[in-house]
Amino acid sequence: MPVPGPADFAQLIESYRPELLAHCYRMLGSIHESEDLVQETYLRAWRYYNRFEGRSSVRVWLYKIATTTCLNALKGQKRRPLPSGLNAPADHAGVTLGPADPEINWLQPAPDSLLSGSTGDPATVVSRRHGVRLAFVAALQHLSARQRAVLILRDVLGWNAKEVADVLDTSVTAVNSALQRARTQLSHIGPIQDELTEPDEPELRNLLDRYMSAFEHADVTALAELLRTDVELEMPPIPTWFTGRDAVCEFLADAVLHTPDQWRMTATRANGAPAVAVYLRAEDGAFRAYGLQVLSLIGGRIARINAFIDADLIATFGLPEVFTAAPSADPRGTRP
């Protein structure tokens, strides 16, 4: 296999950035750390470019560097959880919310725009979406770093055992053993890629419009119409989370949607799923960055709301810190 020249090499490795970022994100559960590690991967690739002999593809070589970089970064790190991975849910709204724990590094959502890159292949788009679902990335955090790497390379990327063994500098037997242990451990966690589905684009757009409008108008009745009866709500860094439409709606009515015109939202995408960026009215009347909600849909209704209370995420998704658009239409209608 011929070794590309420096100019061709630079162009070639840059084309792999989105998938390398997705790989590092699956390993770490942090989009910010993953961006740093991809940059470190590229620096190492340039540093050792003269040692690349073409015995494997550039892609495999880059994945080897990225995986090794991730494994080193994960040494001594605790897993990044979601609240649902730490505590039992509350099924009524009268509970006292647990305080945010500064010692917990929570799982972060990731923008589709960074992870997907440009591809015209619908099958590739679907595959990439499923490989970065929040529930799946959260489940991966229960595995050891090495098991995580093996499962991602084998089951997500579809590499054979020999290729994975070469990347990890180990034997095929060790890879197969680690994969079996990883699959067994994930099976004990529960469904991580259930029947999540998205409606067609017009229907999805209508659902998001109604959802955002219900929040902006503090219309809990309109919101309830969009939720499954078994909907779940979690709000990192708050460790308390809720299950059941009645509990979720009662909590939102009491703590979040008690006053109209306090929120603004705009649609985006995260982790292969629909999402909304959230802005809260400040004392000066401006709507400023507050956080991001990732929505999981089943059967045309919302099955889970992952509401990340982290204003810094707005910039990560390439959105403005201050929301300037007009408010949405009546909650029973759609956005203009």
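Computed from a prediction, not measured in an experiment: that's the story for all the values here.

Caption draft 1: Broad picture of the overall build of the chain. Looking only at helices and strands, the chain has 14 helices and seven strands in total. Across the chain, the fraction of contacts at a sequence separation of at least 24, relative to all contacts at a separation of at least 6, is 68%. When the accessible surface of the chain is totalled, it reaches about 15,400 Å², and 51% of it is carbon and sulfur.

Caption draft 2: Spatial organisation of the pattern of salt bridges. Counted by the stated rule, this structure contains 16 salt bridges. When the shortest N-O distance is used, the salt bridge between D112 and R269 registers 3.1 Å. Pair noted here: D112 is in helix α5 (residues 112-116) and R269 is in strand β3 (residues 263-270), with a separation of 157 residues, a long-range link. For D166, the salt bridge is made with K162, and the minimal N-O distance between the two is 2.9 Å. Here D166 and its partner K162 are both found in helix α9 (residues 161-168), four residues apart, which amounts to about one turn of the helix.

Caption draft 3: The arrangement of the environment of G244 in detail. Relative to the helices and strands, G244 resides in the loop between β2 (238-243) and α13 (245-255). Separated by 59 residues in the primary sequence, G244 and A303 place their C-alpha atoms 9.6 Å from one another.

Caption draft 4: Inspection of the pairing of β3 at higher detail. Where β3 lies against strand β4 (residues 273-281), eight bridges are found, and the strand directions are antiparallel. Residue A267 lies in a different strand from β4, and its bridge partner there is V276. Hairpin remark: β3 followed by β4, antiparallel, with two residues in the connecting loop; positive phi at N271, about 50 degrees.

Caption draft 5: Structural view of unusual backbone geometry. Each neighbour pair has its own omega, and for P236 with P237 the value is 15 degrees, a cis peptide bond. Take P237: it is sitting in the loop between β1 (227-235) and β2. Of note, D169 is a non-glycine position whose phi angle comes to about 55 degrees, a positive value.

Caption draft 6: Region of the structure containing the environment of G29. Here G29 shows up in the loop between α2 (17-28) and α3 (31-47). Residue classification places G29 among the buried positions, given a relative accessible area of 0%. Remark: the alpha-carbon pair of G29 and Q108, spanning 79 residues in sequence, is separated by 6.1 Å. Once you skip the residues sitting within four places of it in the chain, G29 turns out to touch C24, R80, L107, Q108, V137 and Q141.

Caption draft 7: Structural view of helix α8 (residues 145-156). Given a rise of 1.5 Å per residue, twelve residues ought to cover 16 Å, and the 15 Å separating the end C-alpha atoms of α8 matches this to within 8%. Three or more residues of α8 are buried, namely Q147, R148, A149, V150, L151, I152, L153 and V156. Looking one or two places after α8, you find G158, whose phi comes out positive at around 75 degrees.

Caption draft 8: View of helix α4 (residues 58-74). In this model α4 runs 24 Å from its N-terminal to its C-terminal C-alpha over 17 residues, within 8% of the 24 Å that 1.5 Å per residue would give. Once α4 finishes, G76 follows within two positions and takes phi at roughly 85 degrees, a positive value.

Caption draft 9: Spotlight on the packing of aromatic side chains. Tallied over the entire structure, the rule returns five aromatic pairs. Seen from their ring centres, Y63 and W159 are 5.2 Å apart, and the 70 degrees between their planes marks the pair as edge-to-face. Linking Y63 in helix α4 with W159 in the loop between α8 and α9, this pair joins segments that are 96 residues apart in sequence. Take Y63 and W159: they sit in the same class, and that class is buried. Considering the side-chain rings of F242 and F251, the 4.6 Å spacing of their centres and the 25 degrees angle between planes classify their relative orientation as stacked. For the pair shown, F242 and F251 are each scored as buried. A cation sits over an aromatic face here: R17 above Y42, 4.5 Å from the ring centre.

Caption draft 10: Region of the structure containing the side chain of S30. Looking at the element boundaries, S30 is found in the loop between α2 and α3. Given the relative accessible area of 1%, S30 is considered buried. Within the local environment of S30, its side chain forms a polar contact with the side chain of Q108, the two groups lying 3.0 Å apart. With sequence-adjacent residues up to four places away left out, S30 is seen in contact with Y25, R80 and Q108.

Calculation rules
Residues numbered from 1 in each chain as written. Predicted model: local features only at pLDDT ≥ 70, side-chain atom pairs only at ≥ 80, totals over all residues. Heavy atoms only, no water. Helix = DSSP H or I, 4+ residues; strand = E, 2+ residues; numbered from the N terminus. Contact = heavy atoms within 4.5 Å. Areas by Shrake-Rupley, 256 points an atom, 1.4 Å probe, with all protein chains shown as cover. Salt bridge = Lys/Arg side-chain N within 4 Å of Asp/Glu carboxyl O. Pairing = 2+ DSSP bridges. Buried < 20%, exposed > 50% of the residue type's maximum accessible area, 1.4 Å probe, protein only. Expected span 1.5 Å × (residues − 1). Phe/Tyr/Trp six-rings, centres within 6.5 Å; stacked < 30°, edge-to-face > 60°. Lys NZ or Arg CZ within 6 Å of the ring centre and 35° of its normal. Polar contact = N/O pair within 3.5 Å; in protein donor to acceptor, adjacent residues only side chain to side chain.

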